[in-house]
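Now for the letters of each chain:
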Amino acid sequence: MVRPLTEEELKIFFAKLAKYIGHAIKQLVDRPDGKYCFRLHRDRVYYVSEQQVKVAAALPREQLLGMGCTFGKFTKTKKFRLHVTCLDYIAQHAQYKVWLKPAAEQSFLYGNHVLKAGLGRITEDTPQYQGVVILNMADVPLGFGTTAKSTAEVRKLEPQGVVAFHQADVGEYLRDEETLC
Amino acid sequence: MVARRKSAPGMTPGFTDSNKSWLTPTEKKRPLFGEEEEEEEGEEEMDVDEEQLDGEDDGEDDDDEEEEEDDDDDDEGEELEFEKKARRTVARMEREAIENEKEVRELQRGDFSLPTAAELEEEQSRPPDISAVRDRVKQVVEVLSDFNARREEGRSRVEYISTLVADLQTVYGYSHDMVELLLHLFSPAECLQFIEANETPRPVTIRTNTLKTRRRELAQACLPPHPAASLRPRHLPSRTSPLPCPRFSLLCSSFLPSPLPLRLASKALIARNVNLDPISKWSKEGLQIYESAVPIGATPEYLAGHYMIQSASSYLPVMALQPLPNQRVLDMAASPGGKTTHIAALMGNTGTVVANDFSKERIKALQANISRLGVRNTVVVNADGREFPKLMGGFDRVLLDAPCSGTGVISKDPSVKAEKGFSDIQRCQQLQRQLLLAAIDSCNANGDNGGYIVYSTCSVMVEENEAVVDYALASRCVKVVESGLPFGTEGFTRYRTKRFHASLKHARRFYPHTHNLDGFFVCRLRKYSNDLPAQLATKRGDGKETAPRRAVEEASGGEGEEGEEGEEEWEELDDDEEPAPPARREAPAVGKAGDAKKPSAQTRKAAPSTPAAVSQAVEGEGEGNPSMKKKLKAAPSTPVVVVSQAEGGGEAKPSMRKKLKAAPPTPVAVVSQEAEGGGEGKPSMKKKLKAAPPTPVAVVSQEAEGGGEAKPSMKKKLKAAPSTPVAVVSQEAEGGGEGKPSMKKKLKAAPPTPWL
């Protein structure tokens, strides 16, 4: 059955999401352009408009494979894992960003961490272990991760030091097509 | 030149000297056949003197000198030097081309002779000499294109064709079935073109994802990010770039004023050394890739969902579908999502797109593409398309890109040409029919601006395209409408022995050799009623219990799928699983004089197993005999058979007209007598109708007197007919209006038609 998330699930999910977009979660839930909501189906969290929820509700559970935008899934241990499929929303609302030099794009898209050498820009005052969206210099979002160091520390970092840990990147559309959605 | 020499003496027999008395050769002119050959190159040059100056060498090497001299001599001086040169070159080339062609023709005519059976056998024992066979293919095709003139004495067309079939198999690796099918579809010359076009790949094209970027930006040269770019939220619309030039590859280096107010959401593909161009005028989203230094399916732009790699032909069904914002759209066979995402993009991510696919494996690719391209209005379902109406209905638009034999995409998947055969095509057709009916059933005819179904396949076979649509026309309340595509060849309305509904000309076909697209078929259907044709007929019948209606009910009771449809005036009866090709009154082919033979052929075919609606035009100009009138009167609100005739002819008696008018808008089966000229319902007509095989129609028009009581015998017949799609029996279209007695026989004699 497609169902709304329980209180507990919402807590875990929002806690994760807030690492990247902070209070902007509110903007996801209260949208001016229609009613949108989060729905759980087969351990996956979907961000869907009411319109599609209605359509999906009419379908048999086994045959419904997806709807709207997949945000991620709950693991068996009830942790939440964000998928790269929600990148657009994260990129739109993220407070902290990391830009990659063109030369470092490819490496990141293969699933590697962001090194100081490949760092183009970084938002001022980014704290350590903060969820960030990672873009290339043309502002195309490529994925997201968490910072390994705060902005101040990054300045002092040696070229091979890790700036941000890789969590998800758009290369997964090719690498992990099977498990993504 | 050889040709010329030959032709000169050849002309003499036809040459008479009768005008010698007054016709004298001018002295200035050169002798007709002497020097000409030497000076051929310069023959048509303007200046004879100048021509003679360098008449001896006459080669291209001193063209320049020629020019200069030419210039000096030129008094007018109006033409520039290069213009003259160009004109001369063009003229020379034309002449040469004509001559070459002549020579080639003559050589061919002289040389080519079809190998005998013994030679062929001998040839088969050796390994095939591909290039020789290839030449032979060309020559046979040449001969076949002008068979009467070029044939070898005593060899029949069949021999040529069978050699061609065998040779095409050897050279291009097609299966026998495939070659046969293609030769049915095309003329030999066109078939060869098609096959050769399949040997070369189609250009790689990408479709810009308008949800995330615009074509120009995708193709745009990479600029240093504008200071404002990073500050502007991604999803705010930005101003369009003022660049006037569409040729992006030219743009990349030179012309770019630096602070362009572009949203640089996409880094340029050109910056990645991709050479591309807009696809053509008909698509605003397509880009054609000429060459690329990077794999086009793995650039960051691709991964970020700025474009989809998609063949140009697959834009067409979506363009024909014309989805509007906030509609409910169903894509019945959606994987891998190229069309689904295109639909969503056209709808601007509003409304709902239900993307269905039968294969769970393929759905993974579909889902990945949907997410990658940022499409949020889809619901992905894994169901059997044939069962889909049971799950959900009420869609405004339905796209069915049916699974097919893939004969249009042989260049992509060459295994098709060797592996597919008649049976595969037939199997596909069966599935396609079921899917199309399911697609139509999922569609809601009554919605605002809704009720459109687009059927498309990547096959060129008529069996999988027109035949399938024609079947749907007979069993559902749909009609073919203009597809709204700016190009493409018309669909077939006649193919070998089959005759399809005339409106199928609105369908569009695309071929590799004519359009440089994959072979494709697109047909746009409009559903005008949610009822089955049978139900519609009953509804219009005002609930009066009349014989024809009972007949209809009985007939359509067995199967839900086939029904009788009164209002659109075509019906079909079907007494086994295989539906007979329906013919319809509506079809101009039936009513029009020019197509006289077609309907009758069909009629005969359809007759025995399919009761017929006897067709004619309904303009009310029919001239009925008195008895006829009565009958029409008698069956007021039932499926009524109107006997009338087509444009040309018969003046209806006023009384008749009235009656026709008076008849309430009921499902009307029309008895057509003829289209032109004749058509007075003579007494003989009655007989004929009687004679016509068991049709509800016949009942109405003839025996249904007094509220449609059929004669017992008739009733029986009707009962015997299980389901009702009714084929139209048009009696004849041209001239001879009166159904001749022989007609009767014909109808009876016609064998049941196997319908591929």
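The structure displayed is predicted, hence computed values, not measured ones.

Participant: What exactly am I supposed to notice about the overall build of chain B here?
Facilitator: A tally of regular secondary structure across chain B gives 32 helices and 19 strands. By the burial criterion, 54% of the 756 residues in chain B qualify as buried. Contacts in chain B between residues far apart in sequence, at least 24 positions, make up 75% of those at least 6 positions apart. Taken as a whole, chain B presents about 33300 Å² of accessible surface, with 53% of it coming from carbon and sulfur.

Participant: Honestly, the environment of Met178 of chain B in this entry has me stumped. Any pointers?
Facilitator: All names here are of chain B. You can see Met178 is positioned in helix H9 (residues 176-185). Residues Met178 and Ala418, spaced 240 residues apart in sequence, show a C-alpha to C-alpha distance of 7.7 Å. Sequence-distant contacts of Met178, that is, excluding residues within four places in its chain, are made with Thr407, Ile410, Val416, Lys417, Lys420 and Met461.

Participant: Explain the sheet that holds strand S4 (residues 307-309) of chain B here, please?
Facilitator: Consider a sheet: its strands pair through backbone hydrogen bonds, and that pairing is either parallel or antiparallel. All names here are of chain B. With respect to topology, four strands assemble into an open sheet ordered S2-S3-S1-S4, the strand pairing being antiparallel. Each edge of the sheet is formed by a strand with only one pairing partner; in this case those strands are strand S2 (274-278) and S4. Here the average twist between neighbouring strands, direction ignored, is 35°. Here strand S1 (residues 204-208) pairs with S4 via three bridges, running antiparallel. Within S4, the residue paired with Ile206 across the bridge is Ile309. Contacts between helix H15 (residues 338-346) and the sheet are confined to S1 and S4, with S1 contributing the most and set at about 35° to the helix.

Participant: Before we go on, may I ask you to explain the packing of aromatic side chains in this structure?
Facilitator: For any pair of aromatic rings, the description rests on two quantities: the centre-to-centre distance and the angle between the ring planes. Counted under the stated rule, the structure contains 23 aromatic pairs over all chains. Ring centres of Tyr47 of chain A and Tyr89 of chain A lie 4.9 Å apart, and the angle between their planes is 85°; on these two criteria the pair is classed as edge-to-face. Pair noted here: Tyr47 of chain A is in strand S3 (residues 44-49) and Tyr89 of chain A is in helix H4 (residues 87-93), with a separation of 42 residues, a long-range link. Like Tyr89 of chain A, Tyr47 of chain A is buried. Chaining the aromatic ring pairs together yields one cluster made of Phe13, Phe14, Tyr36, Phe38, Tyr47, Phe71, Phe74, Phe80 and Tyr89 of chain A. Seen from the ring of Phe395 of chain B, Arg328 of chain B lies directly overhead, with NZ or CZ sitting 4.8 Å from the centre. For the cation-ring pair, Arg433 of chain B lies above Tyr471 of chain B, with the distance from its terminal atom to the ring centre recorded as 4.4 Å.

Participant: How should the interface of chain B and chain A be read in this particular structure?
Facilitator: Note: interface size is frequently given as the accessible area lost on complex formation between the parts. In this complex, chain B contributes 43 residues to the contact, which on the side of chain A involves 39 residues. Taken together, the two surfaces of chain B and chain A that pack against each other cover about 3500 Å², and 57% of this comes from carbon and sulfur. Where chain B touches chain A, the interface holds two salt bridges. A salt bridge links Arg376 of chain B to Asp88 of chain A; its shortest N-O distance comes to 3.4 Å. Summed over the shared surface of chain B and chain A, the number is ten residue pairs in polar contact (both at pLDDT 80 or more). Broken down by secondary-structure element, the contributors of at least two residues to the side of chain B that touches chain A are helix H13 (300-303), strand S6 (352-356), helix H16 (360-372) and strand S7 (378-381) of chain B. A total of nine residues in the side of chain B that touches chain A trace back to one element, the largest contributor, which is H16 of chain B. Among the residues making up the side of chain B that touches chain A, the classes are represented as 20 nonpolar, 13 polar and ten charged.

Participant: Looking at this model, I keep getting lost on the UniProt feature "binding site: S-adenosyl-L-methionine" (unreviewed entry) in chain B. Mind explaining?
Facilitator: All names here are of chain B. The UniProt entry lists Asp357, Asp384 and Asp401 under the feature "binding site: S-adenosyl-L-methionine" (unreviewed entry), expressed in the numbering used here. Taken along the chain, the residues just named run across 45 residues; in space they keep tight, none of their C-alpha pairs more than 14.0 Å apart. Along the chain, Asp357 turns up in the loop between S6 and H16. Residue classification places Asp357 among the buried residues on the basis of a relative accessible area of 6%. For Asp357, the contacting residues outside a window of four places in its chain are Met332, Ala333, Ala334, Ser335, Arg362, Ile363, Val381, Asn382 and Ala383. In this structure, Asp384 sits in the loop between S7 and helix H17 (388-391).

Participant: Please clarify how the packing of helix H6 (residues 130-145) of chain B against helix H8 (residues 157-172) of chain B should be interpreted in this entry.
Facilitator: For any two helices packed against each other, the geometry is given by the interaxial angle and the distance between the axes. Residues and elements named next belong to chain B. Taken N-terminus to C-terminus, the directions of H6 and H8 make an angle of 145°; their axes are 9 Å apart at the nearest point. In this structure, H6 crosses over H8, and the sense of that crossing is left-handed. Where H6 abuts H8, its residues Ile130, Val133, Arg134, Arg136, Val137, Val140, Val141, Val143 and Leu144 lie against Arg157, Tyr160, Ile161, Thr163, Leu164, Asp167, Leu168, Thr170, Val171 and Tyr172. Its residues placed into classes, the contact of H6 with H8 shows 13 nonpolar, two polar and four charged.

Participant: Just to check I follow, could you spell out the sheet that holds strand S1 (residues 3-4) of chain A for this structure?
Facilitator: All names here are of chain A. Strands sit in the order S1-S2-S3-S5-S6 across an open sheet of five strands; the sheet is antiparallel. Of all the strands in the sheet, just S1 and strand S6 (80-82) have a single pairing partner and so form its edges. When strand S5 (residues 69-74) meets S6, the two strands line up antiparallel, connected through three bridges. Across the sheet, residue Phe74 finds its bridge partner in S6, namely Phe80. Each of S1, strand S2 (36-41), S3, S5 and S6 is contacted by helix H1 (residues 7-21), which is oriented at about 35° to S6, the strand it contacts most.

Participant: For this particular structure, what's the right way to read the pairing of strand S3 (residues 286-292) of chain B?
Facilitator: On a regular strand, each side chain points to the face opposite its neighbour's, so the side chains alternate between the two faces of the sheet. Residues and elements named next belong to chain B. Direction of pairing for S1 relative to S3: antiparallel, over a ladder of four bridges. Across the sheet, the residue bridging to Arg207 is Gly286, located in S3. Pairing of S2 with S3 involves five bridges; the strand directions are antiparallel. Within the sheet, the bridge partner assigned to Leu276 lies in S3 and is Ile289.

Participant: Teacher, can you tell me more about the confidence of the model for chain B here?
Facilitator: Do not read the fine detail of predicted coordinates wherever pLDDT is low. Residue and element names in this part refer to chain B. Summary statistics for chain B give a mean pLDDT of 67 and a share of 55% for residues scoring 70 or more. Within the model, pLDDT remains below 50 along residues 221-267, and this stretch shows 91 contacts once partners closer than five positions in the same chain are excluded. Low pLDDT (under 50) marks residues 543-756, which in the prediction has 471 contacts with non-local residues, meaning those over four places away or in another chain.

Participant: Looking at this structure, I do not really get the side chain of Arg376 of chain B. What am I missing?
Facilitator: The residue Arg376 of chain B is located in the loop between H16 and S7 in this model. A distance of 3.4 Å separates a polar atom in the side chain of Arg376 of chain B from the backbone oxygen of Gly374 of chain B. If we ignore the near neighbours within four places in the chain, the residues touching Arg376 of chain B are Gln52, Gly68, Cys69, Asp88 and Tyr89 of chain A together with Asn349 of chain B.

Participant: I tried to follow H1 of chain A on my own but got confused; where do I start?
Facilitator: Residues lying three or four places apart along an α-helix face the same way, a consequence of the helix completing one turn every 3.6 residues. Residue and element names in this part refer to chain A. Its 15 residues place the ends of H1 20 Å apart at the C-alpha level, agreeing with the 21 Å of an ideal helix rising 1.5 Å per residue. Residues Glu9, Phe13, Leu17, Tyr20 and Ile21 constitute the buried set of H1. Positive phi appears at Gly22, one or two residues downstream of H1, with a value of about 60°.

Participant: Explain the nonpolar core to me, please; I cannot follow it from the model alone.
Facilitator: Within soluble globular proteins, side chains that are nonpolar tend to cluster in buried spots. Counting 80 residues, the largest nonpolar core has Leu168, Leu182, Phe388, Leu436, Ile453, Val469 and Leu525 of chain B as its most contacted members. The greatest single-element share of this core, amounting to seven residues, is contributed by helix H19 (residues 422-442) of chain B. The contact partners of Leu182 of chain B, leaving out residues within four places of it in the chain, are Tyr174, Cys191, Phe194, Ile195, Val460 and Met461 of chain B. Counting residues in each nonpolar core, the second largest holds 65 residues, with Leu28, Ala94 and Leu100 of chain A together with Leu218 of chain B among its members.

Participant: Explain the side chain of Thr85 of chain A here, please?
Facilitator: Tracing the backbone shows Thr85 of chain A in the loop between S6 and H4. For Thr85 of chain A, the side chain forms a polar contact with the main-chain oxygen of Thr70 of chain A, separated by 2.6 Å. If we skip the residues at most four places from it in the chain, Thr85 of chain A touches Cys69, Thr70, Tyr173, Leu180 and Cys181 of chain A together with Ser371 of chain B.

About the criteria used
- Residues numbered from 1 in each chain as written.
- Chains lettered and ligands numbered in written order.
- Predicted model: local features only at pLDDT ≥ 70, side-chain atom pairs only at ≥ 80, totals over all residues.
- Heavy atoms only, no water.
- Helix = DSSP H or I, 4+ residues; strand = E, 2+ residues; numbered from the N terminus.
- Buried < 20%, exposed > 50% of the residue type's maximum accessible area, 1.4 Å probe, protein only.
- Contact = heavy atoms within 4.5 Å.
- Areas by Shrake-Rupley, 256 points an atom, 1.4 Å probe, with all protein chains shown as cover.
- Pairing = 2+ DSSP bridges.
- Axes fitted to C-alpha atoms, helices over the stretch in contact; angles between N-to-C directions.
- Phe/Tyr/Trp six-rings, centres within 6.5 Å; stacked < 30°, edge-to-face > 60°.
- Lys NZ or Arg CZ within 6 Å of the ring centre and 35° of its normal.
- Buried area = accessible area lost by both parts, 1.4 Å probe.
- Salt bridge = Lys/Arg side-chain N within 4 Å of Asp/Glu carboxyl O.
- Polar contact = N/O pair within 3.5 Å; in protein donor to acceptor, adjacent residues only side chain to side chain.
- Nonpolar A, V, L, I, M, F, W, Y, C, P; charged D, E, K, R; others polar.
- UniProt positions renumbered as here; feature names shortened; annotations may be inferred.
- Left-handed = near helix turned anticlockwise from the far one by under 90°.
- pLDDT = per-residue confidence, 0-100.
- Expected span 1.5 Å × (residues − 1).
- Core = buried A, V, L, I, M, F, W, Y, C linked by side-chain atoms within 4.5 Å.

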